[in-house]
Amino acid sequence: ATNGAGAQYAVVREKYAAKKPDGVDVLSAAACPDSAVTALLATRKAEIKAGTRVLVLGASGGVGSAAVQLARHAGAAHVAATSSQVDIMRSLGVDRPINYREENWWEIAQYTDDPFDVIIDCAGGNDHFAKSPAVLKKRGRFVAVVGDEPHVVVKSAGQLLKFVCTSLWRPIWTTFSFSSPNYFMFVSGSSGELVSSVLGMMAEGKLRILLEPSSPYPFTLEGVRSALQLQLSGHAHGKVVVRVSEEK
């Protein structure tokens, strides 16, 4: 693979690399550069501080499970999260797990009466932003890690126009609206410095990488295919990891 995906070895620029600290297992370290770094950037974008009330949508995945922990670490006073894995959410420090199979987060009286300051959307789809004003303060911050379409496939000019308008226009008009939450959509990036920050928090016990229970998958054609199918299904509970080789 040109960029190293699905390969045994990859060439990485030094500025993107970071040394794994002692005490951090290899699988968790391998799983953190993408999801945990994205969660770190999302919580920074959300400007979470002491007293902030936060809702994380899609908290079972790699980004969401890291985001709830980082929100707490940043000083959030109350963290709620949507996930069917209620016990896991509580173990990560979530105050109010919301089982989306049993209740709608935008209809919970506790939050319609006392709205959130921040919503971090790690799930996407289902008109989340349109529903958010019911439980998000008027000038609250809606940070979209995933947009209205979790898997963007553009097949027509109309679809392209819709995607562009959502990505560019919505953040602009919500900035000047006095009655709508602020909408932020960002493209995540990474660097060795960011990865080092995440690894440091892991080594200090401040961040736990949630791994999909079926991981690691073997580095075989069938193993990689199964891992990708689970990832694309949107039903993974944590990071999906492929073990390329045994630790030495």
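Bear in mind the structure is a predicted one, so any value in this text is a computation, not a measurement. (Residues numbered from 1 in each chain as written. Predicted model: local features only at pLDDT ≥ 70, side-chain atom pairs only at ≥ 80, totals over all residues. Heavy atoms only, no water.)

**Some details on the overall build of the chain**
Piece 1. For the chain, the count of helices and strands is eight helices and eight strands.
Piece 2. The buried share of the chain, reckoned over its 248 residues, is 43%.
Piece 3. In the chain, the proportion of contacts linking residues at least 24 apart, taken out of those at least 6 apart, comes to 66%.
Piece 4. For the chain, the exposed area adds up to about 13,600 Å²; of that, 54% sits on carbon and sulfur atoms. (Helix = DSSP H or I, 4+ residues; strand = E, 2+ residues; numbered from the N terminus. Buried < 20%, exposed > 50% of the residue type's maximum accessible area, 1.4 Å probe, protein only. Contact = heavy atoms within 4.5 Å. Areas by Shrake-Rupley, 256 points an atom, 1.4 Å probe, with all protein chains shown as cover.)

**Examining the nonpolar core**
Piece 1. Judged by nonpolar contacts, the single largest core of 43 residues is most densely connected at I120 and L207.
Piece 2. Sorting the residues of this core by element identifies α1 (26-45), β1 (53-57), α2 (62-73), β2 (78-82), β4 (116-121) and α7 (192-203) as the ones contributing at least two each.
Piece 3. Excluding residues that lie within four positions of it along the chain, I120 makes contacts with A42, T43, A46, I48, L55, V56, L57, V143 and V145.
Piece 4. Membership of the second largest hydrophobic core comes to 15 residues, among which are L55, L57, W105 and I108. (Core = buried A, V, L, I, M, F, W, Y, C linked by side-chain atoms within 4.5 Å.)

**A look at the packing of α1 against α7**
Piece 1. It is the contact of α1 with α7, at a shortest axis distance of 9 Å, that shows an interaxial angle of 105°. Accordingly, the angle class assigned to the pair α1 and α7 is roughly perpendicular. Residue-level inspection shows S28, A29, C32, P33, A36, V37, L40, L41 and R44 of α1 in contact with α7, the latter providing L194, V195, S197, V198, L199, M201 and M202.
Piece 2. When grouped by side-chain class, the residues that make up the contact of α1 with α7 number 13 nonpolar, two polar and one charged. (Axes fitted to C-alpha atoms, helices over the stretch in contact; angles between N-to-C directions. Parallel < 35°, antiparallel > 145°, perpendicular 65-115°, else oblique. Nonpolar A, V, L, I, M, F, W, Y, C, P; charged D, E, K, R; others polar.)

**Considering α1**
Piece 1. Across its 20 residues, α1 extends 29 Å between first and last C-alpha, which sits within 8% of the 28 Å expected from 1.5 Å per residue.
Piece 2. Roughly 60° is the biggest bend found in α1, and it falls at C32, with proline P33 one to four residues downstream.
Piece 3. Between the side-chain oxygen of the N-cap and the backbone nitrogen of L27 there are 3.2 Å, and the N-cap of α1 in question is D25.
Piece 4. Looking one or two residues past α1, E47 carries a phi angle of roughly 55°, positive in sign. (Expected span 1.5 Å × (residues − 1). Bend = angle between axes of the 7 residues up to and from the residue. Polar contact = N/O pair within 3.5 Å; in protein donor to acceptor, adjacent residues only side chain to side chain.)

**So, the pairing of β2**
Piece 1. Burial of β2 is extensive: five of the five residues sit out of reach of the surface.
Piece 2. The alternating pattern of β2 places H78, A80 and T82 and V79 and A81 on opposite faces, both of which are buried.
Piece 3. As judged from the four bridges shared by β1 and β2, these two strands associate in the parallel manner. Bridging from a neighbouring strand, V54 pairs with V79 of β2.
Piece 4. As a crossover connection, the stretch from β1 through α2 into β2 is right-handed. (Pairing = 2+ DSSP bridges. Right-handed = clockwise from strand over helix to strand, strands pointing away.)

**Some points on the packing of α1 against α2**
Piece 1. Between α1 and α2, the shortest axis-to-axis distance is 8 Å and the interhelical angle comes to 45°. Taken as axis vectors, α1 and α2 run oblique relative to one another. The crossing of α1 and α2 is right-handed. Residue-level contacts link S35, A36, T38, A39, L40 and T43 of α1 to G62, V63, A66, A67, L70 and A71 of α2. (Left-handed = near helix turned anticlockwise from the far one by under 90°.)

**Things to note about the sheet that holds strand β5 (residues 136-144)**
Piece 1. Within the open sheet, the six strands sit side by side as β3-β2-β1-β4-β5-β6. Their pairing is parallel. Pairing within the sheet leaves two strands with one partner each, and these edge strands are β3 (96-98) and β6 (182-185). The mean inter-strand angle of the sheet, taken between neighbouring strand axes irrespective of direction, is 15°.
Piece 2. Sheet topology note: the β2/β3 ladder contains three bridges and is parallel. Residue T82 lies in a different strand from β3, and its bridge partner there is I98.
Piece 3. Packing against the sheet, α1 makes contact with β4, β5 and β6, and its axis sits at approximately 155° to β5.
Piece 4. Docked against the sheet, α2 engages β1 and β2, running at close to 170° with respect to β2.

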